[in-house]
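Given next are the chains, with one letter for each unit.
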Amino acid sequence: MAPLAPKPRPGVLDIEAYVPGESQVPGGLKPIKLSSNETPLGPSPKAVEAFTAAGAALERYPDGQATALRQAIARRFGLNPDRIVCGAGSDELINLIAHAYLGPGDEGLFTEHGFLLYRIVVLAAGATPIVAPETNLKTDVDAILARVTPRTKVVFLANPNNPTGTYLGFDEVRRLRAALPSDVLLVLDAAYAEYVRKNDYEAGLELVATTENTVMTRTFSKIFGLAGLRIGWAYCPEAVANALNRIRGPFNLSAPAIAAGAAAMDDWPHIEAAIRHNDEWLPWLTAEIEKLGLTVTPSVANFILVHLPKEPGRDAVACDTFLKQRGIILRRVAGYGLPHALRITIGTEAENRKVVEALAAFVGARG
Ligand SMILES: Cc1ncc(COP(=O)(O)O)c(C=O)c1O
């Protein structure tokens, strides 16, 4: 008889591991990487300076409370630092939330084309993932509410959503919160909040401030340009912050991450420059790609979703291959239920022009 082997908990082997955006192209070309929604402006030079300075004391444990970082965030947004929990990327926080609030028999709800991590963390917590359909690639509040059961414990909502780039206005978010049972935690994942230029958008601060059952997560990986350092934060009701602080690693942020994150938060002109860049190039890229006869889902974030024809040779796979041969890496999104689309991050001016040229060549060559 074969010896017994260690077995992961139920659900773990149902997880399809997250596949990050690609970063290499064939032939040793220097790639134009537009696959992970990173900022083309890089981090604040002040953040890089703080990171380098932190290198002088690497034998020391970091501050387990990430005090300097929480204070910098609190100053910027006028928040109570005690209700901010930091993580090694917002993905750690989303994972911690799932582990604190979901278990076997519970349901974690998210939308049809919602960020892929939600399914992973729900399964990892031993709970059951429930998917609410979207309408025209947009969150449908009524569809979410229709799937709530007594077992629903957490609803995850990326706003704006990745990979669609669409968003839900504050009235709708408020309507969702009001209609959810009070024991359901609503997680507003606002990874792209800084980019949104819509009067009816609210990232989540107000709901966290006025309810006891809403959490907002944010990241330093996108507009702050610190994806490589892994920094995220959550603004929480007191009881939620208390739960997350009990289960997080005692030193879950490194000292260089704490220092660089705080410096980045204090350099708002750098963030404003990134917002201006996106304001210029998001509409430009959208319009230029539409001129090629392709459909683009209107986005409020730093990426766009481009829809390709379904015919083999003209489809998303062919387009992705064609662009990769030219050194341009986009994001395939079949894993999000969008096999005929590609996601493109807004890059530098030169990168944006190159991606349009390459798409024009692809469309032209296939008439
Ligand atoms: C919607 C959304 N949430 C969270 C994340 C995770 O970001 P990080 O873990 O780098 O903070 C991403 C990254 O792609 C995202 O798109």
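Above this note sits the structure.
Anyway, here's the lowdown on the structure attached to this text. (Residues numbered from 1 in each chain as written. Predicted model: local features only at pLDDT ≥ 70, side-chain atom pairs only at ≥ 80, totals over all residues. Heavy atoms only, no water.)

Topic: the overall build of the protein chain
Counting secondary structure elements, the protein chain contains 12 helices and 13 strands. Here the C-alpha radius of gyration of the protein chain, 21 Å, is about what a compact globule of 367 residues would show, namely 21 Å. Taken over the C-alpha atoms alone, the protein chain extends approximately 60 × 60 × 50 Å along its principal axes. Counting the 367 residues in the protein chain, one finds 55% classified as buried. Long-range pairs, those at least 24 residues apart, make up 74% of the contacts in the protein chain between residues at least 6 apart in sequence. As displayed, the protein chain offers around 16300 Å² of accessible surface, 54% of which is attributable to carbon and sulfur atoms. Placing the 37 positive and 39 negative side-chain charges of the protein chain at their respective mean positions leaves the two points 3 Å apart. (Helix = DSSP H or I, 4+ residues; strand = E, 2+ residues; numbered from the N terminus. Rg over C-alpha atoms; globule rule 2.2 N^0.38 Å. Buried < 20%, exposed > 50% of the residue type's maximum accessible area, 1.4 Å probe, protein only. Contact = heavy atoms within 4.5 Å. Areas by Shrake-Rupley, 256 points an atom, 1.4 Å probe, with all protein chains shown as cover. Lys, Arg positive; Asp, Glu negative; His and termini not counted. Charge placed at Lys NZ, Arg CZ, Asp CG, Glu CD.)

Observations regarding the site of the ligand
If you check the shell around the ligand, you find 13 residues, and the closest are Ser 90, Asp 189, Tyr 192, Thr 219 and Ser 221. Residue Ser 90 places a main-chain N or O atom 2.7 Å away from an oxygen atom belonging to the ligand. Measuring from a nitrogen atom of the ligand, one finds a side-chain N or O atom of Asp 189 at 2.6 Å. Taking 400 Å² as the accessible area of the ligand by itself, protein coverage stands at 93%. Across the shell around the ligand, the residue classes tally to four nonpolar, five polar and four charged. (Near = heavy atom within 4 Å. Polar contact = N/O pair within 3.5 Å; in protein donor to acceptor, adjacent residues only side chain to side chain. Nonpolar A, V, L, I, M, F, W, Y, C, P; charged D, E, K, R; others polar.)

Some points on empty space enclosed by the protein
Over the atoms, a rolled probe matching the size of one water molecule traces out where space is still vacant. By the definition in use, this model includes two cavities of 30 Å³ or more. Size it by volume and the largest cavity reaches roughly 40 Å³. Lining the largest cavity we find Thr 39, Pro 40, Leu 41, Tyr 195, Ala 274, His 277, Asn 278, Asn 302 and Ile 346. Its residues assigned to classes, the lining of the largest cavity shows five nonpolar, four polar and no charged. When its volume is computed, the second largest cavity comes out at roughly 30 Å³. Sorting elements by how many residues they give to the lining of the second largest cavity places strand S5 (residues 152-158) first, with three residues. Of the residues in the lining of the second largest cavity, the class split is four nonpolar, four polar and no charged. (1 Å grid on protein atoms, 1.4 Å probe; cavity = no way out; pocket = protein on both sides within 12 Å on 5 of 7 lines; lining within 4 Å. Points joined across faces, edges and corners; volume = space filled by probe spheres on them.)

Regarding the packing of aromatic side chains
Any two aromatic rings considered together are summarised by their centre-to-centre distance and by the angle between their planes. By the definition in use, this model includes 13 aromatic pairs. Ring centres of Phe 115 and Tyr 118 lie 5.7 Å apart, and the angle between their planes is 85°; on these two criteria the pair is classed as edge-to-face. Tyr 118 shares its class with Phe 115; the two are buried. An aromatic cluster is defined as three or more aromatic residues linked by ring pairs; in this entry it consists of Tyr 18, Phe 110, Phe 115, Tyr 118 and Phe 156. The ring of Tyr 167 carries Lys 138 above its face, with NZ or CZ at 5.8 Å from the centroid. (Phe/Tyr/Trp six-rings, centres within 6.5 Å; stacked < 30°, edge-to-face > 60°. Lys NZ or Arg CZ within 6 Å of the ring centre and 35° of its normal.)

Describing the nonpolar core
Counting residues in each nonpolar core, the largest one holds 43 residues, and the members touching the most others are Leu 69, Phe 220 and Trp 233. With six residues, the single largest contributor to this core is helix H9 (residues 255-266). Those residues in contact with Leu 69 that sit more than four places away from it in its chain are Cys 86, Phe 220, Ile 231, Leu 253, Ile 258, Gly 261 and Ala 262. Leu 102, Phe 110, Ala 127 and Val 215 belong to the second largest nonpolar core, which has 33 residues in total. (Core = buried A, V, L, I, M, F, W, Y, C linked by side-chain atoms within 4.5 Å.)

Topic: the environment of Pro 20
Here Pro 20 is to be found in the segment before strand S1 (32-33). The exposed category is assigned to Pro 20, whose relative accessible area is 52%. Spatially, the C-alpha atom of Pro 20 lies 9.0 Å from that of Arg 331, the residues being 311 residues apart in sequence.

Let's talk about the pairing of strand S2 (residues 84-87)
Of the two faces of S2, the one lined by Ile 84 and Cys 86 and the one lined by Val 85 and Gly 87 are each fully buried. Note: S2 against strand S8 (residues 232-235), four bridges, orientation antiparallel. Counterpart to Cys 86 in the pairing with S8 is Trp 233. (Pairing = 2+ DSSP bridges.)

Things to note about the sheet that holds strand S13 (residues 341-345)
Sheet strands line up and pair through hydrogen bonds in the backbone, either parallel or antiparallel. What the four strands build is an open sheet, ordered S9-S10-S13-S12; its pairing is antiparallel. Single-partner strands in this sheet number two, and they are strand S9 (295-297) and strand S12 (331-332). Where S9 meets strand S10 (residues 303-307), three bridges bridge the pair, whose relative direction is antiparallel. The partner of Val 296 across the bridge, within S10, is Val 306. In the packing of helix H10 (residues 268-291) onto the sheet, the strands contacted are S9, S10 and S13, and the crossing angle to S10 comes to about 10°. (Axes fitted to C-alpha atoms, helices over the stretch in contact; angles between N-to-C directions.)

Some remarks on the pattern of salt bridges
Counting across every chain of the model gives 14 salt bridges. One salt bridge connects Glu 288 with Lys 291, and the closest N-O pair in it is separated by 2.8 Å. A residue pair is termed a helical-turn pair when its members lie 3 or 4 positions apart in one helix, as Glu 288 and Lys 291 do in helix H10 at three residues. The salt bridge involving Glu 349 is made with Arg 353; its shortest N-O contact spans 3.0 Å. Of this pair, Glu 349 and Arg 353 both sit in helix H12 (residues 349-365), four residues apart, which is roughly one turn of the helix. (Salt bridge = Lys/Arg side-chain N within 4 Å of Asp/Glu carboxyl O.)

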